[in-house]
Amino acid sequence: EAAAILELAVQARPQDSDAHYWLGRTHELQGAHDLAVQAMMRATEIDPEFASAWWGVGFNYTFQRRCADALPAQSRYIELRPDDAGGYYNRAGCRWYTQDREGSLEDGGKACEMGHQMACQHVEKQLKRMQMLEAFEAQRAADQEEEAP
């Protein structure tokens, strides 16, 4: 019912970024993440400075495991809200998922410095994973050297 009312609001005021944003939030709460992205992207087209809409685009893409699509929205959110540790933390997760390990650690470290405890845990965990991977690769290289004629 809320979505239907907000659809009417969007039709009546197609240039109202808030109406598009709240329509997107309603879709998000209903689990219609593609529709949420569409509505929130429209809000950002109308108002490119609408930080909450950029956050919503990033969140809804991430929820769908579409981190490559989420990263530009997450970066724009950080441009608009550089003091929000959560923005860096969210982007750190997507950077890790898209194999940008250094970028992930950079964002996680920034969020950790800003007091985001989950980011501190993320960085610690990812550093351990990287150390284990490096040790595994070094061992594999040594094993291959031994096997070579």
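Anyway, here's the lowdown on the structure attached to this text. In this text the structure is predicted, and so the values were computed from the model without any measurement.

Rules and cut-offs
- Residues numbered from 1 in each chain as written.
- Predicted model: local features only at pLDDT ≥ 70, side-chain atom pairs only at ≥ 80, totals over all residues.
- Heavy atoms only, no water.
- Helix = DSSP H or I, 4+ residues; strand = E, 2+ residues; numbered from the N terminus.
- Rg over C-alpha atoms; globule rule 2.2 N^0.38 Å.
- Buried < 20%, exposed > 50% of the residue type's maximum accessible area, 1.4 Å probe, protein only.
- Contact = heavy atoms within 4.5 Å.
- Areas by Shrake-Rupley, 256 points an atom, 1.4 Å probe, with all protein chains shown as cover.
- Salt bridge = Lys/Arg side-chain N within 4 Å of Asp/Glu carboxyl O.

1. Quick word on the overall build of the protein
Tallying secondary structure elements over the protein gives 8 helices and 0 strands in all. The order of α-helices and β-strands along the protein, N terminus first, is α-α-α-α-α-α-α-α. By the compact-globule yardstick of 15 Å for 149 residues, the protein is too spread out, its C-alpha radius of gyration being 20 Å. With respect to the principal axes defined by its C-alpha atoms, the protein has extents near 75 × 35 × 25 Å. When burial is assessed residue by residue, the protein has 40% of its 149 residues classed as buried. The long-range share in the protein, meaning contacts at least 24 apart out of those at least 6 apart in sequence, stands at 42%. Within the structure as shown, the protein displays about 9,100 Å² of accessible surface, and the carbon and sulfur contribution to it stands at 52%.

2. What about the pattern of salt bridges?
Tallying each qualifying case throughout the model produces 11 salt bridges. Put simply, Arg66 and Asp34 hold a salt bridge, and the shortest N to O gap is 3.3 Å. Placement of Arg66 in the loop between helix 4 (51–63) and helix 5 (67–80) and of Asp34 in helix 3 (residues 33–46) is noted, with a sequence separation of 32 residues between them. On the basis of relative accessibility, which here comes to 32%, the residue Arg66 falls in the partly exposed class. By relative accessible area, which is 42% here, Asp34 ends up partly exposed. Two residues, Arg91 and Asp107, come together in a salt bridge whose shortest N-O distance is 2.5 Å. Taken as a pair, Arg91 in helix 6 (residues 85–97) and Asp107 in helix 7 (residues 101–113) lie far apart in primary sequence, 16 residues in all.

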